[in-house]
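One-letter residues, chain by chain:
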Amino acid sequence: MNNIKQSKKRNIKLYAYIIFLALTSLMLLIYLFKNYTISDYTLLIVFSVLSALAETFLIPLPKVGAVSVSFALTFSAILLTNPLTASLIAAFGMIFRCPYVDGKGRVHMFNNPLYKTVFNVSQYIINAGAAGLTYLYLNRILNFGFYFFNPIAAVVCLFVYLTLNSVFMASLMSILL
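For clarity, every value in this text was computed on a predicted model and none was experimentally measured.

Enquirer: What is the right way to look at the packing of helix α3 (residues 70-80) against helix α5 (residues 114-141) in this model?
Expert: To describe two helices that pack against each other, one gives the angle between their axes and the distance between the axes. Between α3 and α5, whose axes approach to 9 Å, the crossing angle comes to 40°. Here α3 and α5 pass one another in a crossing that is right-handed. Residue-level inspection shows S70, T74, I78 and L79 of α3 in contact with α5, the latter providing Y124, A128, A131, G132 and Y135. Of the residues belonging to the contact of α3 with α5, the class tally is six nonpolar, three polar and no charged.

Structural data, given as structure tokens:
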């Protein structure tokens, strides 16, 4: 009986956390849509397809899990475009991925639990949006580097993205374990 209560309490925490992330990402998207525009739809489509492919072909880790290389595409999108476009590219890459999972075969948004997709898409939007906003802000105030690239802003942008990703994943693991 005690295990059932713990499981229900953990599920409530998990869903509250995912709803919090989803609402935060929705508010961030609203802000980004109000302040930025998508200037190049071809770039959005091409990078979204490449991001979905990168998310599809995961690199397995020993014993548990896998990683994708889609962050490289998200980071490139942050440098080439704006936070709105970068967030959409990251989100579309996650939504349209089809990785192979042992015992299940190809997993996509229609045969994967909705809460997993919502969590991943939400945290990708927050990560890319916050990192993109950081890059633009620091690029404006720090006149360092090249006309098209500011290495200091890029390093801080990477730090913001990776820190947020680590915090979101650590929080999720603390709820699940």
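Still more ground to cover, so stick around.
Enquirer: Please clarify how the packing of aromatic side chains should be interpreted in this entry.
Expert: Given two aromatic rings, one states the distance between the centres and the angle between the planes to describe the pair. A full pass over the atoms with the stated rule returns six aromatic pairs. Plain terms: the ring middles of Y17 and F119 are 6.1 Å apart, the flat faces sit at 40° to each other, and that makes the pair tilted. Here F119 lies in helix α5 and Y17 lies in helix α1 (residues 2-35), a separation of 102 residues in the sequence. For Y17, a relative accessible area of 13% corresponds to the buried category. Overall, F119 belongs to the buried group, its relative accessible area being 4%. Aromatic pair F71 and F75: ring centres 6.0 Å apart, planes at 25°, arrangement stacked. Of this pair, F71 and F75 both sit in helix α3, four residues apart, which is roughly one turn of the helix.

What counts, and at which threshold
Residues numbered from 1 in each chain as written. Predicted model: local features only at pLDDT ≥ 70, side-chain atom pairs only at ≥ 80, totals over all residues. Heavy atoms only, no water. Axes fitted to C-alpha atoms, helices over the stretch in contact; angles between N-to-C directions. Helix = DSSP H or I, 4+ residues; strand = E, 2+ residues; numbered from the N terminus. Left-handed = near helix turned anticlockwise from the far one by under 90°. Contact = heavy atoms within 4.5 Å. Nonpolar A, V, L, I, M, F, W, Y, C, P; charged D, E, K, R; others polar. Phe/Tyr/Trp six-rings, centres within 6.5 Å; stacked < 30°, edge-to-face > 60°. Buried < 20%, exposed > 50% of the residue type's maximum accessible area, 1.4 Å probe, protein only.

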